[in-house]
Amino acid sequence: QVQLVESGGGLVQAGGSLRLSCAASGSIFSTNAMGWYRQAPGKQRELVATISKGGSTNYAESVRGRFTISRDNAKNTVYLQMNSLKPEDTAVYYCSADIVTVFLSRNDYWGQGTQVTVSS
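Asker: Any chance you could break down the environment of Gly9 for me, citing the residues and the numbers?
Answerer: Along the chain, Gly9 falls in the loop between strand E1 (2-7) and strand E2 (10-13). Measuring from C-alpha to C-alpha, the distance between Gly9 and Leu20 comes to 6.2 Å, with 11 residues separating the pair along the chain. Here Gly9 is in contact with Leu20, Thr114, Gln115 and Val116, once residues within four sequence places are set aside.

Asker: Please provide a residue-by-residue account of the pairing of strand E7 (residues 67-72), values included.
Answerer: Going residue by residue along E7, you find Phe67, Ile69 and Arg71 tucked away on one face and Thr68, Ser70 and Asp72 left uncovered on the opposite face. Two strands pair when backbone bridges link them, and E7 and strand E8 (residues 77-82) are joined in this way by 6 bridges, in the antiparallel orientation. When the sheet's bridge partners are listed, Thr68 is paired in E8 with Gln81. The hairpin turn running from E7 into E8, its antiparallel successor, is 4 residues long, and Asn76 in that turn takes a positive phi close to 50°.

Asker: Please set out the sheet that holds E1 residue by residue, giving values where relevant.
Answerer: The antiparallel open sheet is built from 4 strands, whose spatial order is E1-E3-E8-E7. Strands at the two margins of the open sheet, each flanked by one partner only, are E1 and E7. Adjacent strand axes in the sheet meet at a mean angle of 15° when their direction is disregarded. Note that E1 and strand E3 (residues 18-26) share 6 bridges and pair antiparallel. Considered in E3, the bridge of Ser7 is made with Ser21.

Asker: An account of the nonpolar core is needed here, citing residue identities and associated values.
Answerer: Grouped together as the largest cluster of nonpolar side chains are 31 residues, with contacts concentrated most on Leu4, Trp36, Leu80, Met82 and Tyr93. Of all the elements in the fold, those that place two or more residues in this core are E1, E3, strand E4 (28-39), strand E5 (46-51), E7, E8, strand E9 (91-101) and strand E11 (114-119). Sorting elements by how many residues they give to this core places E9 first, with 5 residues. Apart from residues no more than four positions distant in its own chain, Met82 is found in contact with Gly16, Ser17, Leu18, Leu20, Arg66, Phe67, Tyr93 and Val116.

Parameters at a glance
- Residues numbered from 1 in each chain as written.
- Predicted model: local features only at pLDDT ≥ 70, side-chain atom pairs only at ≥ 80, totals over all residues.
- Heavy atoms only, no water.
- Helix = DSSP H or I, 4+ residues; strand = E, 2+ residues; numbered from the N terminus.
- Contact = heavy atoms within 4.5 Å.
- Buried < 20%, exposed > 50% of the residue type's maximum accessible area, 1.4 Å probe, protein only.
- Pairing = 2+ DSSP bridges.
- Axes fitted to C-alpha atoms, helices over the stretch in contact; angles between N-to-C directions.
- Core = buried A, V, L, I, M, F, W, Y, C linked by side-chain atoms within 4.5 Å.

Right, here's the structure in full:
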C-alpha cells in the first residue's frame, strides 16, 4: 500500500558530503513526521533526525550542525543533507514516515535502507 524508497547513499571521503532522499508513494492520505535513522554494524539502530509536517526538526547530538533534514510535502519526500562526514557516520541509513493511508489506517513505514560509507 505504501512504499518508501531511499536513494543517494554511497562512498565518500571524510569531510565530504552526501544527500539522501526518501520518497513515499502509494495509498497515502497524509504524511506526518518523517525521519532518518541509521544502524552501524554491531550497533542498534539510532535516530539521526526527524522533521514534523510543519517543519520542526530534531537532531541527534552527534550530527547537529553537520546534517540538515528537510522535506517537500507536495512530493511526500524527505531529504538528509550530510556535510563534514566522519568515518563514524558509516552505517545503513533508513527513512521512516508516520503515514495515514486512504483507508484511514495509520502506521510507521520504513524504507529498505541505503549504505553510507565514509573512508578516512
